[in-house]
Structure formats: C-alpha cells, structure tokens
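# Results of the structural survey
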Amino acid sequence: MSLVLHNFFRSSASVRVRAALQLKGLTYTHVSYTLRQGEHRSPTYLSLNPQGLVPALQLEDSTVVAQSLAIIEYLDEVYPKPLLLPSDPLDRAWVRGLVHSIASDIHPLNNLRVLQYLGQELDVIEAGVTTWFRHWVAESFTALERQLADDPRRGQFCYGDSPGLADICLFAQMANNRRFEVDMTPYPTLATINTNCLELPAFVDALPESHPHAG
Ligand SMILES: N[C@@H](CCC(=O)N[C@@H](CS)C(=O)NCC(=O)O)C(=O)O
C-alpha cells in the first residue's frame with residue numbers, strides 16, 4: 001500500500017502536508033472528506049483518527065499519523081531529502097518559531113469549527129467572522145513581517161534559498177487568507193516569499209484548486 005493522505009482540498013493543514021509530500025517527491029493517494037458535511041466526524045474516520053481533524057497520513061503498514069506538523073516532521077526524519085527544517089538547533093528553533101506563529105497562533109483561532117461556533121452558537125454576523133479572521137492573521141503577520149524583513153537568515157524563502165516548513169505554513173495560510181480577502185500590502189516580505197513558493201510545482205500542486213477532488 002502506498003501513502004494515503006486523508007484530507008480535504010480546502011483545508012490549509014492538508015495543504016501543508018501535500019506541499020511537504022510533493023517537495024520530497026513522495027507519491028500518495030487521497031481520501032477526501034467534505035468538512036462542511038461533517039465527513040471528518042464519521043465513525044469510519046474517527047476510527048482512523050480519533051482527533052477528527054484532517055489531515056492524517058496513513059503509512060504503508062496502515063499506521064496513522066495525525067497532526068500536520070507531526071506528519072511533516074516524521075516525513076523529514078524518514079525522507080530527509082530535501083530537509084524542511086535546518087540542521088543547526090538554533091536555526092531550527094528560529095524556523096519553528098515562525099511555524100508556530102502561524103500554525104499555533106493563527107490557525108486554531110480561524111479553524112472551521114471556531115468560525116462555525118462564532119456564527120452558529122454566538123450569532124456573530126458574517127462580517128464579524130471575517131473581521132475576527134483578519135484580526136488574528138494581522139496579529140501574527142505583522143510580527144512575522146517584522147521578523148523576516150531584515151533578517152540575514154532569510155533568502156528567497158523564510159530560511160535561505162530552499163523552501164522549508166515555515167514557507168509551507170505561510171503558503172497554506174495564504175490559501176485561507178485569499179478566501180477572506182486579506183490585504184497583503186502591509187506584508188511585502190511575506191507576499192514575496194509566497195510568490196517564490198508559487199514558482200515551484202510542488203507548491204502549486206498543493207493548492208486547493210489543484211486537488212483531484214476540489215469542488
Ligand atoms: N493542528 C491540526 C489542525 C487540523 C485542523 O484543524 N484541520 C481542519 C482543517 S484545516 C479541520 O479538520 N477542521 C474541521 C473542523 O474544524 O471541524 C493540524 O495541524 O493538523
């Protein structure tokens with residue numbers, strides 16, 4: 001059995017893993033779940049991944065790995081070419097700091113279930129949900145722009161001239177940002193890094209619109 005990615009075309013955490021698999025040249029098949037229809041809460045999926053979130057990666061021996069960052073770090077250890085995290089511990093910590101500014105500080109606040117809770121349980125109107133989304137992006141993107149703009153560790157990508165885990169998280173967040181029409185004018189460095197990612201087929205093929213089950 002090949003690698004199987006349980007995912008959803010529009011899920012940014014899924015975009016992360018698709019980009020990592022493709023940067024590493026790994027082949028995989030898709031099983032798709034439509035989140036708005038709650039397919040990720042089905043007994044079948046929960047038996048694979050009790051966390052009930054996508055993505056999850058099923059390995060050749062059927063073992064399931066959950067959580068996008070855990071999956072990508074696993075892939076980086078088992079298939080180290082190309083490395084997505086620097087080998088120097090201090091540089092690795094710096095890159096992880098960028099990663100978590102997006103993956104831990106933006107994404108959980110802007111996840112589908114949170115936005116649905118705001119709208120459906122707290123009666124926040126659609127414009128309020130959009131303001132919420134953009135607010136949490138701005139909190140982290142303002143800091144990231146400041147961190148990256150003049151840092152000598154940055155090259156074409158967040159760290160040097162090869163794409164890595166921070167670029168993957170930025171690129172995936174950008175896919176979400178487009179749906180909420182986030183203005184990138186205040187973040188020229190982040191916008192340029194995202195443009196550089198879009199030069200690479202591995203990233204383009206990870207976009208929601210490139211997914212075989214996009215709909
Ligand atoms: N920390 C998790 C987040 C996974 C996650 O939240 N996935 C979203 C899609 S991007 C999801 O499954 N949402 C379903 C929901 O909110 O009900 C990861 O990085 O894998």
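Preceding block: the structure.
A short tour of the structure in this document, coming up.

Calculation rules
Every chain begins its residue count from 1, and numbering advances along the sequence as written. Given that the model is predicted, a residue must reach a pLDDT of at least 70 before its local features are reported, and side-chain atom pairs must reach 80 or more before they are shown or counted; all residues, however, enter totals for whole chains, interfaces and linings. Side-chain figures throughout are based on the complete set of non-hydrogen atoms in the structure, without hydrogens or water. Secondary structure is summarised from DSSP: a helix means a run of H or I of at least four residues, a strand means a run of E of at least two, and numbering begins at the N terminus for each. With the radius of gyration taken over C-alpha atoms, the globule rule is written as 2.2 Å times the number of residues to the power 0.38. Using a 1.4 Å probe on the protein chains alone, a residue whose accessible area is under 20% of its type maximum counts as buried, one over 50% counts as exposed, and one in between counts as partly exposed. Contact definition: two residues touch when any of their heavy atoms are within 4.5 Å. In these tables, accessible area is a Shrake-Rupley quantity obtained with a 1.4 Å probe, and a residue counts as shielded only by the protein chains included in the view. Charge convention: Lys and Arg are scored as positive, Asp and Glu as negative, and His as well as the terminal groups of each chain are ignored. Lys charges are placed at NZ, Arg charges at CZ, Asp charges at CG and Glu charges at CD. Throughout this document, a residue counts as near a molecule or strand when at least one of its heavy atoms sits within 4 Å of that molecule or strand. Whenever two N or O atoms come within 3.5 Å, that pair is a polar contact, provided that in protein one can donate a hydrogen and the other can accept it, and provided that, for residues adjacent in sequence, both atoms are side-chain atoms. What makes two strands pair is DSSP finding at least two bridges between them. Handedness of a crossover is defined as follows: with both strands directed away from the viewer, a clockwise route from the first strand across the helix to the second makes it right-handed. Think of each axis as a best-fit line through the C-alpha atoms, taken over the contacting stretch in the case of a helix, with angles from 0 to 180 degrees between the N-to-C directions. Note on terminology: angles under 35 degrees are roughly parallel, angles over 145 are roughly antiparallel, angles of 65 to 115 are roughly perpendicular, and the others are oblique. Charged residues are taken to be Asp, Glu, Lys and Arg, nonpolar residues to be Ala, Val, Leu, Ile, Met, Phe, Trp, Tyr, Cys and Pro, and polar residues to be all remaining types, Gly included.

## What about the overall build of the chain?
From N to C terminus, the chain includes 10 helices and 4 strands. Relative to the globule expectation of 17 Å for 215 residues, the C-alpha radius of gyration of the chain, 17 Å, shows essentially globular dimensions. Principal-axis analysis of the C-alpha atoms places the extent of the chain at approximately 50 × 45 × 30 Å. In the chain, which comprises 215 residues, the share counted as buried stands at 47%. For the chain, contacts bridging at least 24 residues in sequence account for 67% of all contacts bridging at least 6. Carbon and sulfur atoms form 54% of the exposed surface of the chain, whose accessible area is close to 10,400 Å². Distance from the positive charge centre (16 side chains) to the negative charge centre (23 side chains) of the chain: 2 Å.

## Remarks on the site of the ligand
In the vicinity of the ligand lie 16 residues, with His40, Val54, Gln67, Ser68 and Asn111 positioned nearest. Between an oxygen atom of the ligand and a side-chain N or O atom of asparagine 111, the distance comes to 2.7 Å. Interatomic distance of 2.9 Å between a backbone N/O atom of arginine 113 and an oxygen atom of the ligand. When isolated, the ligand has an accessible area of 510 Å², and the protein chains bury 90% of it. Going through the elements one at a time, helix H1 (12–23) and helix H6 (112–121) are the ones with two or more residues in the shell around the ligand.

## A closer look at the pairing of strand S1 (residues 3–7)
Among the 5 residues that make up S1, 5 are buried, leaving the element largely enclosed by the rest of the structure. Of the two faces of S1, both are covered, the one formed by Leu3, Leu5 and Asn7 as well as the one formed by Val4 and His6. Across 5 bridges, the pairing between S1 and strand S2 (residues 28–32) is parallel. Each residue of the ladder has a partner; that of leucine 5, found in S2, is histidine 30. With respect to chirality, the unit in which S1 leads through H1 into the neighbouring parallel S2 is right-handed.

## Thoughts on the packing of helix H7 (residues 126–149) against helix H9 (residues 188–197)
For the pair H7 and H9, the least separation of the axes is 8 Å and the interaxial angle reads 80 degrees. Classified by the angle their axes make, H7 and H9 are roughly perpendicular. Along the contact surface, H7 presents Phe141, Leu144, Glu145, Leu148 and Ala149, while H9 presents Pro188, Thr189, Leu190 and Ile193. Looking at side-chain class alone, the contact of H7 with H9 contains 7 nonpolar, 1 polar and 1 charged residues.

## Concerning the sheet that holds S1
Reading across the sheet, the 4 strands line up as S2-S1-S3-S4 and stay open at both edges, with mixed pairing between neighbours. This sheet does not close on itself; its edge strands, each paired only once, are S2 and strand S4 (64–66). If you compare each strand with its neighbour and ignore which way they point, the axes differ by 25 degrees on average. Pairing geometry for S1 and strand S3 (residues 56–58), over 3 bridges, is antiparallel. Each bridged residue has a counterpart across the sheet, and for leucine 5 the counterpart in S3 is leucine 57. In the packing of H1 onto the sheet, the strands contacted are S1, S2 and S3, and the crossing angle to S1 comes to about 155 degrees.

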